[in-house]
Amino acid sequence: MSIPNLITLARILLVPVVVWSIATGQILLAFLLFLVAGISDGVDGFLAKRFGMKTELGAYLDPLADKVLIVSIYVSLGITGVIPLWIVILVVSRDIMIVGAVILSWLIDRPVQIKPLIVSKANTAVQIVFACLVLGSHGLGIDIEPVLTVVMVLVAVLTLVSVALYLAEWVRHMNSAETET
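Each chain has its residues counted from 1, running along the sequence as written. Residue-level local features of this predicted model are given only where pLDDT is at least 70; pairs of side-chain atoms are given and counted only at 80 or more, and the full residue set underlies all totals for whole chains, interfaces and linings. As a rule here, side-chain values come from all non-hydrogen atoms in the structure, and water together with hydrogens is ignored.

## Re the overall build of the chain
And step 1. Under the scheme used here, helices are H or I runs from DSSP no shorter than 4 residues and strands are E runs no shorter than 2 residues, and both carry numbers assigned from the N terminus. A count of helices and strands for the chain gives 6 helices and 0 strands.
And step 2. Going residue by residue from the N terminus, the α and β elements of the chain occur as α-α-α-α-α-α.
And step 3. The dimensions of the chain, computed from C-alpha atoms along their principal axes, are 60 × 40 × 25 Å.
And step 4. For the chain, the residues scored as buried account for 39% of the 181 residues in total. The classification of residues rests on relative accessible area computed with a 1.4 Å probe and restricted to protein chains. Under 20% of the type maximum is buried, over 50% is exposed, and intermediate values are partly exposed.

Next comes the structure, spelled out in C-alpha cells:
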C-alpha cells in the first residue's frame, strides 16, 4: 500500500463526512472538506508521478474516489435542494450509463477498455468547479448566482457530449467485436 493510495483511501473515507456536513446544513464545513479532498487528489497524483509510486490499485482507486466524491456531493446537494435535481440526475445517470456499458461488455465477453476522453476530463473538472462554487458560495454566504448558472449549463453540456462520445465508442467497439466472431 503506497502513500498515494493511502491518501486516496482517506479521500474516499472523507466522503461520508462531507455528505453528513451537507445533510446537516454545515455547508462551510462541507466546502472546507471538499477543498481538502481536492488538495489530496493533487498531492496523491504528484507523489505517484514524481516519486514513481504509481500502482495498478491507484489507477483504479483515484478515479473511483473522484466519482464517489462528485456523485455523493451532487446527490446530497440535490436532496437538500441546494442544486436542481435535473443536474443531479444528468451527472449521476452519465456515470451509471458508462459503468453499465462496461459491465455489459464484460458479461457478454466483449470487454471494452474505457480511455478517458479530453471532453470527459473537462467534464469532471467543470463538475468539481461547480460543486466547489456551490459549496463555497453557500458556505460563505456569497451570491454568485449568474456564475453558478453558467457553470451549471456548462456541466450539463459537457456531460451530454461526454456520454454521447462514450456511447458512440462503446457501440463501435461492440459492433467491431461482433464482426470479428
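## Considerations on the packing of aromatic side chains
And step 1. Only centres within 6.5 Å qualify two rings of Phe, Tyr or Trp (six-membered ring in Trp) as a pair; their planes then separate them into stacked at under 30 degrees, edge-to-face at over 60, and tilted for everything else. For the coordinates displayed, the defined rule picks out 2 aromatic pairs.
And step 2. Here the aromatic rings of Phe46 and Phe51 are separated by 6.3 Å at their centres, their planes lie at 90 degrees, and the arrangement is edge-to-face.
And step 3. By relative accessible area, Phe51 is classed as exposed at 51%.
And step 4. On the numbers, 6.1 Å between centres and 45 degrees between planes, the contact of Tyr74 with Phe130 is tilted. Separated by 56 residues along the polypeptide, Tyr74 in helix α3 (residues 56-79) and Phe130 in helix α5 (residues 118-140) bring together distant segments of the chain. Note on accessibility: Tyr74 and Phe130 belong to one class, buried.

## Observations regarding the pattern of salt bridges
And step 1. The term salt bridge refers to a side-chain nitrogen of Lys or Arg lying within 4 Å of a carboxyl oxygen of Asp or Glu. Evaluated as defined, the whole model comprises 7 salt bridges.
And step 2. The salt bridge partner of Asp95 is Lys67, with a shortest N-O separation of 3.7 Å. One end of the pair, Asp95, is in helix α4 (residues 85-107); the other, Lys67, is in helix α3, and 28 residues separate them in sequence.
And step 3. The exposure class of Lys67 is partly exposed, given its relative accessible area of 23%.
And step 4. The closest approach of N and O atoms between Arg172 and Glu169, which form a salt bridge, is 3.1 Å.

## Regarding the packing of α3 against α4
And step 1. Between N-to-C directions, angles cover 0 to 180 degrees, with each direction set by a line fitted to C-alpha atoms, over the stretch in contact for helices. At a minimum axis distance of 9 Å, the contact between α3 and α4 shows a crossing angle of 155 degrees. Judged by the inter-axis angle, α3 sits roughly antiparallel to α4. Classified by chirality, the crossing of α4 by α3 is left-handed. Where α3 approaches α4, its residues Lys67, Ile70, Val71, Tyr74, Val75, Gly78 and Ile79 are matched on the opposing element by Leu85, Ile87, Val88, Val91, Val92, Arg94 and Asp95.
And step 2. For this scheme, ten residues count as nonpolar: Ala, Val, Leu, Ile, Met, Phe, Trp, Tyr, Cys and Pro. Four count as charged, namely Asp, Glu, Lys and Arg, and the remainder, Gly too, count as polar. Across the contact of α3 with α4, the residue classes tally to 10 nonpolar, 1 polar and 3 charged. Relative orientations are named as follows: roughly parallel for angles under 35 degrees, roughly antiparallel for angles over 145 degrees, roughly perpendicular for angles from 65 to 115 degrees, and oblique for any other angle. Should the near helix be turned anticlockwise from the far one by less than a right angle, the crossing is termed left-handed; should it be turned clockwise, right-handed. Contacts: residue pairs with any heavy atoms within 4.5 Å of one another.

Functional significance is not addressed by these values, which are geometric in nature.
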